[in-house]
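Structure assessment
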Amino acid sequence: MSDNPVKQITTDDLRRMEDQEGLILQGCGGPPQEWVDGINELFTEAGILLDGSRFESVSVFQHGDLTNLLFPFEGVELAIGKLAMWRIQTHGQFGGTWLSDYVPNRLGGFISQEQAPQKPKMELLGQDGNIFGIMGRASRLLKQAGMKEQSDEMISRVTACGDYNKALNIISEYVETELSSPATLQKSTKKKARNTHER
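About the cut-offs
Residues numbered from 1 in each chain as written. Predicted model: local features only at pLDDT ≥ 70, side-chain atom pairs only at ≥ 80, totals over all residues. Heavy atoms only, no water. Helix = DSSP H or I, 4+ residues; strand = E, 2+ residues; numbered from the N terminus. Buried < 20%, exposed > 50% of the residue type's maximum accessible area, 1.4 Å probe, protein only. Polar contact = N/O pair within 3.5 Å; in protein donor to acceptor, adjacent residues only side chain to side chain. Contact = heavy atoms within 4.5 Å. Core = buried A, V, L, I, M, F, W, Y, C linked by side-chain atoms within 4.5 Å.

Phi is positive for Asp51, which is not a glycine, with a value near 55 degrees. The residue Asp51 is located in the loop between helix H2 (32-45) and strand S3 (59-63) in this model. According to the relative accessible area criterion, Asp51 is exposed, its value standing at 71%.

Take a look at the structure:
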């Protein structure tokens, strides 16, 4: 079993993965980790995964009513011809598609970092602990930033999750809070460092 938990991402995150490739399986009900373990086992037996490599950094995302999994190819040794054949043969069962096909065909194409709308900032500290109040505030900020689709996606994920801490983490994927991933902070720090260097 993998030590890396399956990471929840958004369709917007997928649209920023233009320089990456991977396999997307659609309609993966049940615990995502079971899917990861099952696919690793299946692909090893079928000779698709080579040299003992396994998919470790798998992500799960929602699109419409479907729960989907992204198996990125980075850091994995694959017999790509065998994988392509497996994907075609099992398409009816798993809806397998490449990341580079899925994003243009289902999500309207990739967006570069420059095009990506800035996430609105929102402090959680000192907020009323009511999750619906926090969600409502985040939703308003997203709509003001022209991100209605993200607001709707966030609301449906928060209302379905049933766990306060998970809900806060979901909200922090859409608006920048104290819980948001450090990637955005690193970007702004790098930019500052570059500007300082140019002076």
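All right, on to the side chain of Arg157 then. As for its position among the elements, Arg157 is in helix H7 (residues 148-161). Look at Arg157 and you get buried, because its relative accessible area is 9%. In this structure the side chain of Arg157 is engaged in a polar contact, spanning 2.9 Å, whose partner is the side chain of Glu173. Excluding residues within four positions of it along the chain, Arg157 makes contact with Gln8, Ile9, Thr10, Ile170, Glu173 and Tyr174.

By the burial criterion, the buried members of helix H8 (residues 164-174) are Ala167, Leu168, Ile170, Ile171, Ser172 and Tyr174. Residues of H8 that are buried make contact with helix H6 (131-144) and H7. Sitting at the head of H8, Asp163 places a side-chain oxygen 3.0 Å from the backbone nitrogen of Asn165.

Core analysis: the largest hydrophobic core is formed by 20 residues, its most contacted members being Leu23, Phe43, Phe55, Phe71, Leu83 and Trp86. Listing elements by their share of this core, those giving two or more residues are strand S2 (22-25), H2, strand S4 (66-72) and helix H3 (80-89). The element that contributes the greatest number of residues to this core is H2, accounting for three residues. In this structure Leu23 touches Phe43, Leu69, Leu70, Phe71, Phe73, Leu83, Trp86, Arg87, Gly96, Thr97 and Trp98, once residues within four positions along its chain are discounted. The next biggest cluster of nonpolar side chains, apart from the first, holds 16 residues, and it includes Leu124, Leu168, Ile171 and Tyr174.

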